[in-house]
Amino acid sequence: MNKAKSLVSITDFDVEEYLKILELAAKFEANSYRNVLNGRVIASLFFEPSTRTRLSFESAINRLGGRVIGFSDIETTSSTKGETLHDTIKIISNYCDLIVMRHPLEGAAKFASEVANVPIINAGDGANQHPTQTLLDMYSITKTQGTLSNLSIALIGDLKYGRTVHSLIMAMKHFNPTFHLVAPPELALPNEYKTILKENNIPFYEHTDMSSVLNEVDIVYMTRVQKERFSDLMEYEKTKNTYILRNEMLAHTKANMKILHPLPRVNEIQQDVDENPKAYYFEQARNGVFTRQAIISYLLQLNV
Ligand code: CP
């Protein structure tokens, strides 16, 4: 029997599949508890810290009637004895029907998908991709804007190492967006993504000041400057407080505008924003459960 499809990169799905996932996510939001996994086993392998992705996946699996095995701390695994990622994946794929994996190395999920005899879901690989975050972001955009099309989106913060930004650009390029890229020069969007935008005739504008774009856009997508991605901590210290969103800055933003953030935040969104109806990041994180239920169901071709 052929192995079911993996989700390693957001480009593993086409537009029709994005829309199918969003439709399924809405079904799960209406009724989240459906015993369609019927005891099947899913491995949750987190080689890097996580709160939302790991626990929303585990919640999704439990709500689908599945069982979770795995680890959230590699110190408890035989990786500490020198076992390779190849051997770890080869072994664990004998124990489960699907693997959800986060790893600090770019390309680790693709490598795992080539080794495993079960599908892999990439829960984040270094600064490369975070496709399940993108699908929950798309679900959140659809819920708040009523559409994915023709939106003006500000991406603010760490656009260099921000894997959520990279995946989101690759998916949203199909929906005629306009991007405002707001970053300090040290954390600008890598050229490979700008090339993709140019090749797809997607308008984008680069800024270093966020106040000039807040009032223009439908979505403000804030990101954290990620300390863990910097080899030079001086560079992190220099850039970490470049953008701080405060409630008073939202006074003249568009009525439909929503603030998204993949979270965790440090101080790039002040707590006084949380009570503003334009703040959507906590609901966005909640949407992760339904979207991940949809992704698992789709990949395993479950009857929901
Ligand atoms: N958004 C996200 O990936 O959060 P976690 O690192 O907590 O999983």
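Describing the sheet that holds strand β1 (residues 41-46)
Moving on, step 1. Read from one edge to the other, the open sheet built from four strands follows the order β2-β1-β3-β4, with strand pairing classed as parallel. Among the strands making up the open sheet, the edge pair consists of β2 (67-71) and β4 (120-125). Strand-to-strand twist across the sheet, computed as the mean angle between neighbouring axes with direction ignored, equals 15 degrees.
Moving on, step 2. Bridge count between strand β3 (residues 98-103) and β4: four bridges; the pairing is parallel. Across the sheet, residue Val-100 finds its bridge partner in β4, namely Ile-121.
Moving on, step 3. Helix-sheet contacts for helix α2 (residues 52-63) involve β1, β2, β3 and β4, and the interaxial angle to β1 is about 175 degrees.

Quick word on the nonpolar core
Moving on, step 1. Core analysis: the largest hydrophobic core is formed by 57 residues, its most contacted members being Leu-135, Met-138, Leu-155, Phe-179 and Ile-296.
Moving on, step 2. Beyond its immediate stretch of four places on either side in the chain, Leu-135 contacts Leu-7, Ile-10, Phe-13, Tyr-18, Ile-21, Leu-22, Thr-291 and Ile-295.
Moving on, step 3. Leu-214, Tyr-243, Met-257 and Leu-263 belong to the second largest nonpolar core, which has 19 residues in total.

Here's the deal with the environment of Phe-47
Moving on, step 1. By the secondary structure assignment, Phe-47 is in the loop between β1 and α2.
Moving on, step 2. Here Phe-47 falls in the buried class, since its relative accessible area comes to 12%.
Moving on, step 3. Linking Phe-47 and Glu-58, residues 11 residues apart in sequence, is a C-alpha distance of 16 Å.
Moving on, step 4. Not counting the four nearest positions on each side in its chain, Phe-47 is found in contact with Phe-71, Ile-74, Ser-79, Leu-85, Thr-88, Met-101, Arg-102, His-103 and Pro-104.

Some remarks on the site of the ligand
Moving on, step 1. Neighbouring residues of the ligand: Ser-50, Thr-51, Arg-52, Thr-53, Arg-102, His-130, Gln-133, Pro-262 and Leu-263.
Moving on, step 2. Between the ligand and Thr-53, the relevant distance is 2.7 Å, taken from an oxygen atom to a side-chain nitrogen or oxygen of the residue.
Moving on, step 3. Pro-262 is positioned such that a nitrogen or oxygen atom in its backbone is 2.8 Å from a nitrogen atom of the ligand.
Moving on, step 4. Notes on the ligand: free accessible area 250 Å², of which the protein chains cover 91%.
Moving on, step 5. In terms of residue class, the shell around the ligand is made up of two nonpolar, five polar and two charged.

Reading the values: the criteria
Residues numbered from 1 in each chain as written. Predicted model: local features only at pLDDT ≥ 70, side-chain atom pairs only at ≥ 80, totals over all residues. Heavy atoms only, no water. Pairing = 2+ DSSP bridges. Helix = DSSP H or I, 4+ residues; strand = E, 2+ residues; numbered from the N terminus. Axes fitted to C-alpha atoms, helices over the stretch in contact; angles between N-to-C directions. Contact = heavy atoms within 4.5 Å. Core = buried A, V, L, I, M, F, W, Y, C linked by side-chain atoms within 4.5 Å. Buried < 20%, exposed > 50% of the residue type's maximum accessible area, 1.4 Å probe, protein only. Near = heavy atom within 4 Å. Polar contact = N/O pair within 3.5 Å; in protein donor to acceptor, adjacent residues only side chain to side chain. Areas by Shrake-Rupley, 256 points an atom, 1.4 Å probe, with all protein chains shown as cover. Nonpolar A, V, L, I, M, F, W, Y, C, P; charged D, E, K, R; others polar.

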